[in-house]
Amino acid sequence: MDYNKIFEDIYTELSKIDNKGVVAEYIPELSKIDPNKFGVQLTTVEGDKFAFGDWDERFSIQSIAKVFSYVLAYSLIKSDLWDRVGVEPSGTAFNSLVQLESDKGIPRNPFINAGAIVVCDILVSELEKPKEDILTFIRELSGINSINFNSRVAESERSTGFTNMALVNFMKSFGNIHNDIEEVMDLYFNLCSIEMNCMEVSKSFLFLANNGVVPYSGKSILSPSRTKRANALMQSCGFYDESGQFTFKVGLPGKSGVGGGIVAVHPQRYCITVWSPPLNPKGNSYKGMLFLEEFTTRTELSIF
Ligand code: DON
């Protein structure tokens, strides 16, 4: 299939539509991005690559990184992950506090902020150098050693992260945070600040399209059964209270971030990453969502 041509055609089509999205402003450092940036990249499990636009420019991957932290924690701990975080879609905003009280400090899933903060707590318990180790893990998945945190973005998040601090304190009061709050949040804010380009994101998610094995290195990251679960969680929880819409319109497991990136996985076939910074009211890339809907419709390549 001529994916490059399809990318160009969809881009041209979407250029005619007014972008109703707004760049994330609640993190000052993210608000500086050019809203007209647009990139897309697809890598197949066989290693074929297709790209368009600003695909090689790094952006803040934000919550896309929550998949990396979850997979690393899942691969490290044997038992108690599911006692501490659930596997249900929350149906609420990514930073919502409302369910935590009735759920006794157990977040609904690892991809809402509360769930990702519990995963960070697990990584702090399990790893000697969690920040270095998560970077090493992502560099290993992507094969690209220059991937790094952006300290300005991490600081910007820290200085405005009052809701996230409320989440971690509330969960600590229920006993679901075991480590020092500052240490856990340092990992969380840095995790969100990681910068990658579309190609690097697609490449590092490819093991999820390949039964848990990194195709180009042969390294097994997750068993096929755990890979199924990771994809299932992305399908049901990857877009917060828009997860149903993404499933309905795109039909692939995926994950978004407030930097405007979205990655989607077609098991046994490919990973596709699209980046367009303006966000819809749910915090997902406005044009990224439209682009992927159009892509799976034109190619008739979805899992459903
Ligand atoms: O915790 C935050 O607010 C951000 N660093 C991450 C949020 C995010 O990307 C949610 N995504 N859609």
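Now for a description of the structure that goes with this document. Each residue is numbered by its place in its chain's sequence as written, counting from 1. At least 70 in pLDDT is required for a residue's local features to be given in this predicted model, at least 80 for side-chain atom pairs to be given and counted, and no such filter applies to totals for whole chains, interfaces and linings, which use all residues. Side-chain measures here rest on the full set of heavy atoms in the structure, leaving out hydrogens and waters.

With that settled, the discussion passes to helix H8 (residues 162-173). Secondary structure counts use DSSP, requiring at least four H or I residues in a row for a helix and at least two E residues in a row for a strand, with both numbered from the N terminus. Expected span of a helix: the number of residues minus one, times 1.5 Å. Compared with the 16 Å implied by 1.5 Å per residue over 12 residues, the 16 Å span of H8 between its first and last C-alpha is a close match. Those residues of H8 lying buried are Asn164, Leu167, Val168 and Met171. When H8 is viewed along its axis, its buried side chains cluster within an angular range of 90 degrees and face the same direction. In H8, the exposed positions that point more than 90 degrees away from the buried face belong to Phe162 and Ser173. The secondary structure elements touched by the buried residues of H8 are helix H4 (98-102), helix H5 (113-126) and helix H9 (181-192). Phi turns positive, to about 85 degrees, at Gly175, one or two residues after H8. Per-residue accessibility, obtained with a 1.4 Å probe over protein chains only, is compared with the maximum for each type, and a residue is labelled buried under 20%, exposed over 50%, and partly exposed between these values. Arc definition: it is the arc formed by the directions from the helix axis to the C-beta atoms. Should any heavy atoms of two residues lie within 4.5 Å, those residues are counted as being in contact.

Moving on: the packing of aromatic side chains. Here a Phe, Tyr or Trp ring, Trp counted by its six-membered ring, pairs with any other such ring whose centre lies within 6.5 Å, and the pair is stacked when the planes are under 30 degrees apart, edge-to-face when over 60, and tilted otherwise. This structure, assessed with the given rule, holds 20 aromatic pairs. Aromatic side chains Tyr26 and Phe94 sit 6.2 Å apart centroid to centroid with 45 degrees between the ring planes, which places their arrangement in the tilted category. Here the residue Tyr26 occupies a position in the loop between helix H1 (3-15) and strand S1 (39-44), and Phe94 occupies one in the loop between helix H3 (81-84) and H4, the gap between them amounting to 68 residues. Looking at Tyr26, the relative accessible area reads 40%, which means it is partly exposed. Among the residues examined, Phe94 registers a relative accessible area of 13% and is labelled buried. Residues Tyr188 and Phe189 carry aromatic rings whose centres are separated by 5.8 Å and whose planes lie at 70 degrees to one another, so their mutual orientation is edge-to-face. Here Tyr188 and Phe189 have matching classes, each one buried. Our definition puts a charge over a ring when NZ of Lys or CZ of Arg is within 6 Å of the ring centre and also within 35 degrees of the ring normal. A cation over an aromatic ring shows up here: Lys203 above the ring of Tyr216, its NZ or CZ 4.5 Å from the ring centre.

Time to look at the site of the ligand. Looking at the ligand, there are 14 residues lining it, with Tyr26, Gln62, Ser63, Glu157 and Tyr188 nearest. For this analysis, a polar contact is any N or O atom pair within 3.5 Å, provided that within protein one partner can donate a hydrogen and the other can accept it, and provided that sequence-adjacent residues contribute only side-chain to side-chain pairs. Between Asn164 and the ligand, the recorded distance is 2.9 Å, taken from a side-chain N or O atom to an oxygen atom. Between a nitrogen atom of the ligand and a main-chain N or O atom of Gly283, the distance comes to 3.4 Å. Summarising the interface, the protein chains cover 99% of the accessible area of the ligand, which totals 340 Å² for the free molecule. Split by residue class, the shell around the ligand holds six nonpolar, seven polar and one charged. We call a residue near a molecule or strand as soon as one heavy atom of that residue lies within 4 Å of the molecule or strand. Note on areas: Shrake-Rupley, 1.4 Å probe, and residue coverage restricted to the protein chains presented here. When residue character is reported, Ala, Val, Leu, Ile, Met, Phe, Trp, Tyr, Cys and Pro are called nonpolar, Asp, Glu, Lys and Arg charged, and the others, Gly included, polar.

This next bit is on the sheet that holds strand S2 (residues 49-53). Judged by pairing direction, the sheet is antiparallel, and its five strands sit side by side in the order S2-S1-S7-S6-S5 without closing on themselves. The sheet is open, and its two edges are formed by S2 and strand S5 (254-256), each paired on a single side. Geometrically, the sheet is characterised by an average inter-axis angle of 5 degrees between neighbouring strands, direction not taken into account. As judged from the five bridges shared by S1 and S2, these two strands associate in the antiparallel manner. From the neighbouring strand, Leu42 faces S2, where its bridge partner is Phe50. A pair of strands is treated as paired once DSSP finds two or more bridges between them. Note on geometry: axes are C-alpha line fits, over the in-contact stretch for helices, and angles between N-to-C directions span 0 to 180 degrees.

To continue, consider the pattern of salt bridges. Here, a salt bridge means any Lys or Arg side-chain nitrogen found within 4 Å of an Asp or Glu carboxyl oxygen. Per the stated rule, a full pass over the model turns up 14 salt bridges. For Glu29, the salt bridge identified is with Lys32, shortest N-O distance 3.0 Å. Judged by its relative accessible area of 18%, Glu29 is buried. The salt bridge partner of Glu29 is Arg152, with a shortest N-O separation of 3.1 Å. Placement of the pair is Glu29 in the loop between H1 and S1 and Arg152 in helix H7 (residues 151-160), with a sequence separation of 123 residues. Three or more residues are tied together by salt bridges with common partners; here these are Lys131, Glu155, Arg158 and Asp186.

Counting residues in hydrophobic clusters, the biggest one holds 67 residues, and the most contacted among them are Ile61, Phe68, Ile117, Ile134 and Phe205. Apart from the residues within four sequence positions on either side, Ile134 is in contact with Phe68, Ser69, Leu72, Leu123, Phe149, Leu187 and Leu191. Among the nonpolar cores identified, the runner-up in size contains 24 residues, and Phe38, Val40, Met289 and Phe295 belong to it. We call a set of buried Ala, Val, Leu, Ile, Met, Phe, Trp, Tyr and Cys residues a nonpolar core when their side-chain atoms join them within 4.5 Å.

Right, let's talk about the pairing of strand S7 (residues 270-275) for a bit. Most of S7 sits out of view: six of its six residues are buried. Alternating positions in S7 separate into two faces, Tyr270, Ile272 and Val274 on one and Cys271, Thr273 and Trp275 on the other, with burial throughout. Note: S1 against S7, six bridges, orientation antiparallel. Across the sheet, residue Gln41 finds its bridge partner in S7, namely Thr273. Summarising the sheet, strand S6 (residues 261-266) and S7 pair through six bridges and their orientation is antiparallel. For Ile262, the partnering residue across the bridge sits in S7 and is Val274. Counted along the chain from S6 to the antiparallel partner S7, the turn is three residues long, and its residue Gln268 has a positive phi close to 75 degrees.

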